[in-house]
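Structural overview for review
So you can see what is in the structure, the chains are spelled out below.
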Amino acid sequence: MNKEEFYIQHCIQHIEGKLGWGPSYAWHNDMFVELSERIQQETKILLSPVTLKRVWGKIAYKSAPSITTLNTLAQFAGFENWRDLKGSIPKKRSFRTRKKIESNLGVIVLSASIMTLVFISLYSLRSVPIQNEPIDPSRILFQSKPITQGLPNTVVFDVDFDGIESDSIHIQQYWDPTKTISLTKGQKQATGQYYFPGYFRAKLLVEGEIIKEHDLFIKTDGWLGTIDYGPIPKYYESLKVFGKKLAFPEGAINEITSSEKPLTSTYHMVKAFDSISGDNFELRSILKNTYNDVWAVCQKTSIIVLGTKGAMVVTLGIPGCASELWVMMNDNFLHGKEHDLSGLGLDLSEEKEIKLTVVKKELKVTTGDEILFQGDYSESLGRIAGVRYRFFGAGEVHQSMLSDLEGKTIVDFIQSENTNGL
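Residues numbered from 1 in each chain as written. Predicted model: local features only at pLDDT ≥ 70, side-chain atom pairs only at ≥ 80, totals over all residues. Heavy atoms only, no water.

1. Considerations on the state of the cysteines
In this structure the tally under the stated criterion is 1 disulfide. Cys-298 shares a disulfide with Cys-321; S-S distance 1.9 Å. Given an S-S torsion of about -70°, the disulfide between Cys-298 and Cys-321 has left-handed geometry. One end of the pair, Cys-298, is in the loop between strand S11 (280-289) and strand S12 (301-307); the other, Cys-321, is in the loop between strand S13 (311-316) and strand S14 (326-329), and 23 residues separate them in sequence. You'll find Cys-298 and Cys-321 in the same group, each marked buried. (Disulfide = S-S within 2.5 Å. Helix = DSSP H or I, 4+ residues; strand = E, 2+ residues; numbered from the N terminus. Buried < 20%, exposed > 50% of the residue type's maximum accessible area, 1.4 Å probe, protein only.)

2. Section: the sheet that holds strand S5 (residues 189-194)
Strand order in this open sheet of 3 strands is S1-S2-S5, and the pairing throughout is antiparallel. At either end of the open sheet lies a strand with only one pairing partner, and these are strand S1 (141-146) and S5. Strand-to-strand, the axes of this sheet are offset by a mean angle of 25°, without reference to chain direction. With 6 bridges connecting them, S1 and strand S2 (residues 153-160) associate as antiparallel partners. Within S2, the position partnered with Phe-142 by the bridge is Val-159. (Pairing = 2+ DSSP bridges. Axes fitted to C-alpha atoms, helices over the stretch in contact; angles between N-to-C directions.)

3. Observations concerning the sheet that holds strand S3 (residues 169-172)
Strands sit in the order S4-S3-S6-S7 across an open sheet of 4 strands; the sheet is antiparallel. With one partner strand each, in any of the chains shown, strand S4 (180-183) and strand S7 (209-218) form the two edges of the open sheet. Averaged over neighbouring strand pairs, the angle between their axes works out to 20° when direction is ignored.

4. Let's talk about the pattern of salt bridges
Under the criterion given, the structure shown has 16 salt bridges. We note a salt bridge from Lys-188 to Asp-160, for which the minimum N-O separation is 3.1 Å. Of the two residues, Lys-188 sits in the loop between S4 and S5 while Asp-160 sits in strand S2, which places them 28 residues apart along the sequence. Looking at Lys-188, the relative accessible area reads 38%, which means it is partly exposed. Residue classification places Asp-160 among the partly exposed residues on the basis of a relative accessible area of 26%. The partner of Glu-353 in a salt bridge is Arg-284, with the nearest N and O atoms 3.5 Å apart. Of this pair, Glu-353 sits in strand S16 (residues 352-359) while Arg-284 is found in strand S11, placing the two residues 69 residues apart along the sequence. On the basis of relative accessibility, which here comes to 26%, the residue Arg-284 falls in the partly exposed class. A cluster of three or more residues bridged by salt bridges with shared partners is formed by Glu-282, Arg-284, Glu-353 and Lys-355. (Salt bridge = Lys/Arg side-chain N within 4 Å of Asp/Glu carboxyl O.)

This is the structure we're talking about:
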């Protein structure tokens, strides 16, 4: 254990307590992506999911975290900086005390392990009913349906788990394990609330184990605009953001520009495109960032492609902010602090055409004849499920055209909306 490890673990405990996502040993990739976004929103500094996984010990890494990483984590945990966090720990934890604990660590761990096993055994005997036979998922009903189209949306879950003797049965709405619905014996229906569109994976859990799961699709009715307050955004329906281009009304722009805290705004088009593969497609977009003051000076703009099995995110910004840009190609995440993404540095105060071309899981980002970025990934995105444009501040979309590589399916989102629907 290096000399900073004790304080790092202390910081991790603060962050896990703040998040309330349960023990970090059960966290998966999407949760570190969400944590990365939340840290950026609060501290204005983006730590990549890979960096966070290293700090949490999910990825082996010999070097200690940089002081920038430590200061950012300390700020997110509620301290002024890393020095403040270290100073908050009582002085009674002297080096001699820690040394004594470390010298007897084997005895302590052995004793704790025995006590843990005894506790688990007793708790199991008292709290977990014995199953006479393994649960057969085919005999369990678990399905869902949104009650409307558009957002916000309530989803009705139909369930039938007769024969399961347990007082711990839950529905997990999507990847976040804290977003669960508790079920009681004999219950046949439950409802869940969704505030953003997307392609989710709902799970039925018994004693924490996944028994059954299915896809849950929350679609938009045409384009949906949001000012991304958390946890509930402010909505702008298609007619309010769409004319011959995507643009927020003047009142929304004033709300964004007058905010003292950073705000993002997003245009969402979420629906099924079963004929277009997320691993072979082309997306042509013409974008313009319309706010570059105060906290939005970098003009950061993200193009997001949603798939049934994953997502792709390409972030653009002015050349001087290339260090803050990032690309996520489903299972492959690249951050400007660790990779040269200067090609994605563009002045978006004027309209720019950006083309994303994916051929057999290889991504190429271009503007005109200029290649801005190239990369690849391993895990399939599945079928295309939607497109998002997200602006740090505000922006406009003048073209959005999705097609497969053979030209058999071409969806011009802007033109289609002008002709009343897709």
